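Secondary and tertiary structure notes
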Amino acid sequence: MIAKLKKRGFTLVELMIVVAIVGVLAALAIYGVRKYIANAKTAEARNAVGQMAKDAAAAYAREGMASAILAAKGSTGITNHLCPNAAAPVPAGAAPPPGKKYQSDPGEWSDNAGWSCLRFSMADPQYYQYNYTASGTTGAANETFAAVARGDLNADGKNFSTFELDGKITDTSGRLEVFVSPNMTEIDPEE
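Owing to the predicted nature of the structure, the values given are computational and were not obtained by experimental measurement.

A few words on the overall build of the protein chain. Scanning the protein chain from N- to C-terminus turns up three helices and seven strands. For the protein chain, the α and β elements follow one another from N to C terminus as α-β-β-α-α-β-β-β-β-β. In terms of C-alpha radius of gyration, the protein chain reaches 27 Å, well past the compact-globule figure of 16 Å for 191 residues. Burial statistics for the protein chain: of 191 residues in total, 30% are counted as buried. Long-range contacts, defined here as pairs at least 24 residues apart, represent 59% of the contacts in the protein chain between residues at least 6 apart. Of the accessible surface of the protein chain, which amounts to about 12,300 Å², a share of 60% is contributed by carbon and sulfur atoms. Separation between the mean location of the 18 positive side-chain charges and that of the 19 negative ones in the protein chain comes to 14 Å.

Here you go:
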C-alpha cells in the first residue's frame, strides 16, 4: 500500500520569525556600514592634521639664516622658527563644505605664508576645511601652533567635526625643541 505523503508549507509564525531575523540583520548591517563610512571620513582629517603637525615640526627644524647681505669675512647665526599663519583656510570661508567633498585648487595651498612654509597641500577631494595658525614666528620658547580640520559631515550647518593637534616650542636644558601633543583633540568626530 502506498502511503500518501503530506505536503506541508511554512506556517505564518515561521515566516514572521524569518522576517524578524532578516530585519535585525539588516539593521546591524546598516549601522556597520554607516560607522565604516564615518570612520573613513574622519581618517582623512586625522591623517591630514597629523601630517600638518609633522610638517610644522620639520619646518622648525630646517635651518635658516638672516637675509641681510654679509660683509667680507662676516657671519650670521642659524635661526629656527615656526611657519607663519596660513593666509586662509582651505577651502576659504567661515564654514567647512556642508556634507560634500571639495576639490581644492593647488593655488589655495601656495600662499607664500603658512601653507608654503609647511609644504603641505592636498590633491584629493576633501570633506574638511583645514587651517594652520601659529602664536609667533621668532622661534622663541613657548610659541605654539595649531593644525585644525573642521567638517560638516551631516550638512546641518550647526555642529562641526573638529580635529586639532597642537605643538609648542620648549626649552629643554638650553636647547629649543618643538613638541607635538601626543593626543589629537576631537570634538564631535562623527557628527
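Having put the structure on the table, let's press on.
Every regular strand shows the same layout, with side chains that alternate between the two sheet faces. Most of strand E4 (residues 144-151) sits out of view: six of its eight residues are buried. Here seven bridges tie strand E3 (residues 128-134) to E4, and the two strands are oriented antiparallel to one another. Within E4, the residue paired with Thr-133 across the bridge is Ala-146. Examined bridge by bridge, E4 and strand E5 (residues 161-172) share eight bridges and lie antiparallel to one another. Its bridge partner being in E5, Thr-144 is matched across the sheet by Lys-168.

Tallying each qualifying case throughout the model produces two salt bridges. We note a salt bridge from Glu-190 to Lys-35, for which the minimum N-O separation is 3.2 Å. Separated by 155 residues along the polypeptide, Glu-190 in the segment after strand E7 (185-187) and Lys-35 in helix H1 (residues 12-61) bring together distant segments of the chain. For Glu-190, a relative accessible area of 26% gives the class partly exposed. Here Glu-186 and Arg-46 are joined by a salt bridge, their closest N and O atoms 2.9 Å apart. You can see Glu-186 sitting in strand E7 and its partner Arg-46 sitting in helix H1, a full 140 residues away along the chain. With a relative accessible area of 35%, Glu-186 lands in the partly exposed category.

One pass over the full model with this rule turns up six aromatic pairs. Each member of the aromatic cluster is reached from another via a ring pair, and the members are Trp-109, Trp-115 and Phe-120.

Tracing the backbone shows Lys-101 in the loop between strand E2 (78-79) and helix H2 (106-109). Under the relative-accessibility criterion, Lys-101 is labelled partly exposed at 49%. For the pair Lys-101 and Asp-124, spaced 23 residues apart in sequence, the C-alpha separation works out to 9.4 Å.

To continue, consider unusual backbone geometry. A cis geometry characterises the amide bond from Val-90 onward to Pro-91, with omega recorded as -5 degrees. The residue Pro-91 is located in the loop between E2 and H2 in this model. At Lys-73, a residue that is not glycine, the phi angle is positive and equals roughly 65 degrees. Locating Lys-73 in the fold gives a position in the loop between strand E1 (64-65) and E2. Although it is not a glycine, Ser-173 sits at a positive phi angle of roughly 55 degrees. Among the residues examined, Ser-173 registers a relative accessible area of 81% and is labelled exposed.

Cut-off values and rules
- Residues numbered from 1 in each chain as written.
- Predicted model: local features only at pLDDT ≥ 70, side-chain atom pairs only at ≥ 80, totals over all residues.
- Heavy atoms only, no water.
- Helix = DSSP H or I, 4+ residues; strand = E, 2+ residues; numbered from the N terminus.
- Rg over C-alpha atoms; globule rule 2.2 N^0.38 Å.
- Buried < 20%, exposed > 50% of the residue type's maximum accessible area, 1.4 Å probe, protein only.
- Contact = heavy atoms within 4.5 Å.
- Areas by Shrake-Rupley, 256 points an atom, 1.4 Å probe, with all protein chains shown as cover.
- Lys, Arg positive; Asp, Glu negative; His and termini not counted.
- Charge placed at Lys NZ, Arg CZ, Asp CG, Glu CD.
- Pairing = 2+ DSSP bridges.
- Salt bridge = Lys/Arg side-chain N within 4 Å of Asp/Glu carboxyl O.
- Phe/Tyr/Trp six-rings, centres within 6.5 Å; stacked < 30°, edge-to-face > 60°.

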